[in-house]
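# What the coordinates show
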Amino acid sequence: MAISYNWNVDTVDVYPTDEGQTDVIYNVHWILIATDTQVDAEGYPYTASVYGTQVLDTSDLSGFIDFDSVTSAEVQGWTESAMGAEQVQTYKDNLDANIAGQITPTSVTMQLVP
C-alpha cells in the first residue's frame, strides 16, 4: 500500500483591496485526495478525500505576490502552513485509515434473499 496525496487549492476568496494591494487571498477552499497504488476488483485505485476551507493570515503583506502570478504550489504551501504540520498529518492519517477500511472492510451490508 503506497498512498500519494494531491491537493486542490484552486478556489480562493480574495479581498478586492487590502493595504494597497489588490486581490489578496485570505481563504482557501481545499481538497486533499489520497490515492493508493493498490486497485480494486474493477482495476480502479482506492481513493479517499477530505475538504474544507482555511483562512490565511493577511496581517503582513510585505511578501505579497500578485494574484496573476500566484501558483497552486504556493497556495498549497500557505494552506499547509496555516493548518500546521500536525493537522495536515491528521488528515493524511484519516485518509490512510479510510483506504485501509476499503481494502479490508470491518463491516459490510448484505441483503437477505426472499
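A brief look at the structure comes next. Small disclaimer: the values here were computed from a predicted structure and weren't measured. (Residues numbered from 1 in each chain as written. Predicted model: local features only at pLDDT ≥ 70, side-chain atom pairs only at ≥ 80, totals over all residues. Heavy atoms only, no water.)

A separate point is the overall build of the chain. Counting its secondary structure elements, the chain contains two helices and three strands. Reading the chain from its N end, one meets helices and strands in the order β-β-β-α-α. Considering only C-alpha atoms, the chain reaches an extent of 70 × 30 × 25 Å along its principal axes. Per-residue burial over the chain gives 25% buried out of 114 residues. (Helix = DSSP H or I, 4+ residues; strand = E, 2+ residues; numbered from the N terminus. Buried < 20%, exposed > 50% of the residue type's maximum accessible area, 1.4 Å probe, protein only.)

Take a nonpolar patch on the surface next. Together, I31, I33 and Y51 make up a nonpolar patch on the protein surface, roughly 310 Å² of accessible area in all. With respect to the element layout, I33 can be found in strand 2 (residues 21-39). Classification of I33 by relative accessible area gives partly exposed; the value is 30%. (Patch = residues over 30% accessible without salt bridge, like charges linked within 9 Å, V, L, I, M, F, W, Y side chains within 5 Å. Areas by Shrake-Rupley, 256 points an atom, 1.4 Å probe, with all protein chains shown as cover. Salt bridge = Lys/Arg side-chain N within 4 Å of Asp/Glu carboxyl O.)

By the element assignment, D36 lies in strand 2. Side-chain polar atoms of D36 contact the side chain of T37, separated by 3.5 Å. At 3.1 Å, the side chain of D36 and the backbone nitrogen of Q38 are in polar contact. (Polar contact = N/O pair within 3.5 Å; in protein donor to acceptor, adjacent residues only side chain to side chain.)

For the rest of this paragraph, the subject is the nonpolar core. One finds W7, V9, I25, V28, W30, V75 and I99 to be the most contacted residues of the largest nonpolar core, which totals 18 residues. Broken down by secondary-structure element, the contributors of at least two residues to this core are strand 1 (3-18), strand 2, strand 3 (45-55), helix 1 (72-83) and helix 2 (85-103). Per element, the largest residue contribution to this core is five residues, and it comes from strand 2. (Core = buried A, V, L, I, M, F, W, Y, C linked by side-chain atoms within 4.5 Å.)

Let us now look at the environment of Q89. As for its placement among the helices and strands, Q89 is situated in helix 2. We classify Q89 as partly exposed; its relative accessible area is 39%. Counting along the chain gives 23 residues from Q89 to D66, while the straight-line C-alpha distance between them is 30 Å.

Another aspect to go through is the environment of G84. If you trace the backbone, G84 turns up in the loop between helix 1 and helix 2. G84 sits 69 residues away from Y15 along the chain, and the two C-alpha atoms are 23 Å apart.

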